[in-house]
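Inside the fold
Spelled out from the first residue to the last, the chains are:
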Amino acid sequence: MPGHHIAGTLLDMSGTPHVIASFIREFAEKNDLRDLPESQQFEHLLSFLLFRPSIHDRFSTGDVTTGPGETGVDGACVVLDGNLILTAEDAQQFLANKPSSSVVAEVGFFQAKLSQSFSREEILGFGGAVVETLTDQDVPTPQDTYMVEVGRIYRALLANAAKLDLARAVCRAYFCCLGEWKNQPHPAAAIQKLKNDIDKAQFFSTVHVDPVDRNGVRELWNDAMRAQEATLPTVARFPFPAMPGVDNAVVALVRAQDFVDKVIRDKSGKVRIGIFDQNVRDFEGISNPVNQKIRSTVSSPDTRRRFGIMNNGVTIVAKDMAPAADSYVLRNYQIINGCQTSNVLDRTRDELTEDVLLQVRLIQTAVSGILDDVVEATNSQTSVPPYQFVANCKLAVETQEFFRSYPEDPNHRLHFERRKSEFAEIGISNTRVVTIQDIARTFGSVFLEEPHLVASSPNQAFSVLRDRLFRDNDSPHMYYAAAFAHYRLVLLKLAGRLKIPQPRLYWHVLTAARRIAAGKLPSNQSRKKQEKHCEAFLSRLWEPTEALALFEEAYDAIRKNTSQIDRDRLRRQAFTSEYLNALKMPS
């Protein structure tokens with residue numbers, strides 16, 4: 001077998017342990033990163049493995065991984081209540097209407113090395129870059145543009161500290177290499193120094209600074225690939241009679257402690273990833289009036305024993321469910337009703353006693369139509385969030401079918417995810433999955449020509465533009481063309497072929513690229529004319545080399561036809577109008 005051994009570890013020809021190399025190759029293949037050098041593929045892999053427990057929605061590793069020029073930090077993220085925050089404006093808008101002391105903030109950093117040993121100097125360099133970012137003022141030294149933005153987001157958190165649940169604010173920093181961590185004195189001292197330096201900021205209540213060695217990477221990989229599984233002990237259970245399409249259905253009475261420890265939390269004590277994806281509403285915070293009542297019920301010795309009859313309970317749907325003595329083993333499950341109850345119980349875990357009981361409805365089915373019916377029925381009195389209303393409209397359904405009409409290959413096929421985590425178990429590359437938020441950003445930039453709005457607050461694009469999405473006269477072709485343009489641009493960016501200095505500028509490049517390739521599309525055009533317009537645009541995007549030339553032409557046009565490009569101007573309508581008014585139409 002090709003390769004060699006170092007200290008008992010089989011390495012491939014690049015010097016990377018064979019097992020880790022196989023993880024890197026598989027991740028790169030599935031996420032369209034095959035053209036990157038192995039070191040950068042490893043960085044993207046770690047962005048996924050390290051940040052996925054904190055970020056509740058799909059995310060692109062390209063959004064949280066720094067560029068090749070950044071030497072101190074390879075990846076960073078700021079997360080508020082499970083939402084990835086990409087700009088300081090996003091942070092400010094997210095916090096604007098939140099009650100005091102209600103939002104949980106997590107900040108994460110990592111440095112990744114393919115080397116076989118932990119270097120004190122490299123850990124100190126990583127620590128210096130982290131501390132430089134976590135300051136209350138702009139840093140004069142050059143940084144990666146994303147790290148500059150992370151610093152601005154952190155300062156937005158400082159300015160809005162009253163909105164944060166500071167008792168739960170967490171910073172996590174990881175130094176990763178493929179050696180074996182043996183707590184060597186000098187690297188260990190550098191790890192401790194970084195923890196002490198972050199503690200000095202007096203912002204985070206909890207600071208974790210951890211070395212991750214090759215065994216740690218293996219464990220992270222295995223955790224990510226393992227199916228969601230929990231064993232829930234029951235106090236009593238009452239099975240339903242057989243019914244069509246349902247393999248098993250039970251009403252169970254369980255201890256709230258067991259529900260939190262076994263179903264809600266993973267082995268590290270964090271809320272499990274994705275278990276609320278099919279829930280109609282996200283958690284609305286512990287200060288929400290209804291949630292305050294739930295909390296007071298479990299906190300009071302007079303009412304906690306009656307919690308089981310005072311609370312509506314929780315509904316869990318699982319792909320696989322099996323009885324085992326006085327418990328049920330659940331695999332690939334979702335909490336489809338009871339998100340508020342579940343999260344309040346998690347937040348009040350230390351107050352729960354053995355006499356706090358909870359009703360849980362357990363349903364086993366693999367039929368998606370039945371899952372939809374149960375979600376709708378169990379949430380019939382719950383207001384439908386705007387994104388779900390849009391996702392269920394007739395044109396959104398038609399658009400999803402249009403996406404499916406393209407061949408299943410990376411050059412054409414994208415997947416429009418109308419329902420949250422619809423494709424989570426299919427193993428599709430995140431770069432080829434298009435969410436409702438992605439639709440708002442891409443369609444808003446490409447066809448609505450509002451890239452300045454998207455550049456300012458990517459997470460707010462849907463709320464700002466939702467009334468202009470999926471209008472009756474829109475052709476699904478436009479949504480596909482916008483999404484494919486973004487997909488092609490992201491791949492070229494990740495491969496290092498498209499070099500644009502500011503991430504916010506990419507949205508403007510998409511706007512200019514369509515104008516250059518297909519011209520202006522007047523409003524109220526027939527579907528036939530919209531589709532012809534889209535075909536002209538897509539003809540410049542199918543081949544990566546031609547798409548690169550188009551995006552570079554768009555970037556050059558923006559530079560030549562604007563007086564100045566800076567962070568503030570990229571958020572202004574005037575900047576967009578400046579270059580669009582100057583662009584020549586295709587002949």
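Predicted, not measured: the structure shown is a model, and the values here were computed from it.

**Things to note about the overall build of the protein**
Of the regular secondary structure elements, the protein holds 23 helices and 15 strands. With respect to the three principal axes, the spread of C-alpha positions in the protein is 75 × 65 × 55 Å. When burial is assessed residue by residue, the protein has 53% of its 587 residues classed as buried. Across the protein, contacts joining residues at least 24 apart in sequence account for 71% of those joining residues at least 6 apart. Averaging the positions of the 69 positive and the 72 negative side-chain charges in the protein gives two centres separated by 2 Å.

**Structural notes on the side chain of Thr-365**
Among the secondary structure elements, Thr-365 is positioned in the loop between β13 (357-364) and α13 (368-378). A polar contact is formed between the side chain of Thr-365 and the backbone oxygen of Gly-245, at a distance of 2.8 Å. In this structure Thr-365 touches Gly-245, Val-246, Asp-247, Val-317, Ala-318, Lys-319 and Ile-370, once residues within four positions along its chain are discounted.

**As for the packing of helix α15 (residues 394-404) against helix α19 (residues 476-494)**
A packed helix pair is summarised by two numbers, namely the angle formed by the two axes and the spacing between the axes. It is at 9 Å that the axes of α15 and α19 come closest, and there the two elements cross at 60°. In terms of axis orientation, α15 runs oblique to α19. Note on packing geometry: the crossing formed by α15 with α19 is right-handed. Side by side, α15 and α19 meet where Leu-395, Glu-398, Thr-399, Phe-402 and Phe-403 of the first sit next to Pro-476, His-477, Tyr-479, Tyr-480 and Ala-483 of the second.

**A closer look at the sheet that holds strand β5 (residues 105-112)**
Spatially, 5 strands are ordered β4-β3-β5-β6-β7 in an open sheet, and the strand pairing comes out mixed. Each edge of the open sheet carries a strand with a single partner, namely β4 (83-85) and β7 (206-212). Averaged over all pairs of adjacent strands, the angle between strand axes in this sheet comes to 20°, irrespective of strand direction. In the packing of helix α7 (residues 185-199) onto the sheet, the strands contacted are β6 (170-176) and β7, and the crossing angle to β7 comes to about 160°.

**Section: the nonpolar core**
Counting 71 residues, the largest nonpolar core has Phe-42, Leu-80, Phe-109, Leu-134, Leu-157, Ile-198 and Phe-204 as the members making the most contacts within it. Setting aside chain neighbours within four positions, we find Phe-42 in contact with Ile-20, Ile-24, Ala-112, Lys-113, Leu-114, Leu-178 and Val-217. Ile-439, Leu-469, Ala-547 and Ile-558 belong to the second largest nonpolar core, which has 64 residues in total.

**Quick notes on α15**
Structurally, the α-helix is built with 3.6 residues per turn, so residues lying three or four positions apart point the same way. Residues of α15 that are buried include every one of Leu-395, Ala-396, Thr-399, Gln-400 and Phe-403, and no others. In an axial view of α15, the angular spread of the buried residues amounts to 145°, which keeps them on one side of the axis.

**Some details on the packing of aromatic side chains**
If you walk through the whole model with that rule in mind, you get 24 aromatic pairs. Here the aromatic rings of Phe-118 and Phe-175 are separated by 6.2 Å at their centres, their planes lie at 50°, and the arrangement is tilted. Separated by 57 residues along the polypeptide, Phe-118 in the loop between β5 and α5 (120-133) and Phe-175 in strand β6 bring together distant segments of the chain. Relative accessible area serves as the criterion here: at 1%, Phe-175 is assigned to the buried category. Judged by centre distance (6.0 Å) and plane angle (75°), the ring pair of Phe-402 and Tyr-480 falls under edge-to-face. With Phe-402 in helix α15 and Tyr-480 in helix α19, this residue pair connects regions lying 78 residues apart in the sequence. Residue classification places Tyr-480 among the buried residues on the basis of a relative accessible area of 0%. Within the aromatic cluster, the residues linked to one another by ring pairs are Phe-402, Phe-403, Tyr-406, Phe-416, Phe-443, Phe-447, Phe-470, Tyr-479, Tyr-480, Phe-484, Tyr-487 and Trp-542. The ring of Phe-94 has Lys-98 sitting right over it, with the charged end atom 4.7 Å from the ring centre.

**Here we look at the sheet that holds strand β10 (residues 248-255)**
The pairing of strands in a sheet happens through backbone hydrogen bonds and is either parallel or antiparallel. The strand order β8-β12-β11-β13-β10-β9 describes an open sheet built from 6 strands, whose pairing is mixed. Of all the strands in the sheet, just β8 (229-233) and β9 (236-239) have a single pairing partner and so form its edges. Across the sheet, the mean angle from the axis of one strand to that of its neighbour is 40°, orientation sign disregarded. Packing against the sheet, helix α9 (residues 256-264) makes contact with β8, β10, β11 (314-324), β12 (327-337) and β13, and its axis sits at approximately 170° to β8.

**What to know about the environment of Val-374**
When you line up the elements, Val-374 lands in helix α13. Separated by 26 residues in the primary sequence, Val-374 and Gln-400 have C-alpha atoms spaced 22 Å apart. Not counting the four nearest positions on each side in its chain, Val-374 is found in contact with Thr-315, Val-317, Ile-336 and Ile-363.

**Observations concerning the environment of Val-490**
On the secondary structure map, Val-490 appears in helix α19. For Val-490, a relative accessible area of 15% translates into the label buried. C-alpha separation for the pair Val-490 and Asp-63, spaced 427 residues apart in sequence, amounts to 9.8 Å.

**Remarks on the pairing of β6**
Where burial is concerned, most of β6 is hidden: 7 out of the 7 residues are buried. With burial as the criterion, each face of β6 is covered, one bearing Val-170, Arg-172, Tyr-174 and Cys-176 and the other bearing Cys-171, Ala-173 and Phe-175. Across 7 bridges, the pairing between β5 and β6 is parallel. Pairing of Ala-112 across the sheet is with Cys-176, part of β6. Of the pairings in the sheet, the one linking β6 to β7 comprises 7 bridges and is parallel in character. Note on β7: the bridge partner recorded for Ala-173 is Val-209. Running through α7, the crossover from β6 to the neighbouring parallel element β7 is right-handed.

**Re the environment of Arg-172**
Structurally, the position occupied by Arg-172 is in strand β6. Separated by 98 residues in the primary sequence, Arg-172 and Asp-74 have C-alpha atoms spaced 14 Å apart. Here the side chain of Arg-172 touches Glu-106 through a polar contact of 3.5 Å, side chain to side chain.

Scoring rules and cut-offs
- Residues numbered from 1 in each chain as written.
- Predicted model: local features only at pLDDT ≥ 70, side-chain atom pairs only at ≥ 80, totals over all residues.
- Heavy atoms only, no water.
- Helix = DSSP H or I, 4+ residues; strand = E, 2+ residues; numbered from the N terminus.
- Buried < 20%, exposed > 50% of the residue type's maximum accessible area, 1.4 Å probe, protein only.
- Contact = heavy atoms within 4.5 Å.
- Lys, Arg positive; Asp, Glu negative; His and termini not counted.
- Charge placed at Lys NZ, Arg CZ, Asp CG, Glu CD.
- Polar contact = N/O pair within 3.5 Å; in protein donor to acceptor, adjacent residues only side chain to side chain.
- Axes fitted to C-alpha atoms, helices over the stretch in contact; angles between N-to-C directions.
- Parallel < 35°, antiparallel > 145°, perpendicular 65-115°, else oblique.
- Left-handed = near helix turned anticlockwise from the far one by under 90°.
- Pairing = 2+ DSSP bridges.
- Core = buried A, V, L, I, M, F, W, Y, C linked by side-chain atoms within 4.5 Å.
- Arc of directions from axis to C-beta.
- Phe/Tyr/Trp six-rings, centres within 6.5 Å; stacked < 30°, edge-to-face > 60°.
- Lys NZ or Arg CZ within 6 Å of the ring centre and 35° of its normal.
- Right-handed = clockwise from strand over helix to strand, strands pointing away.

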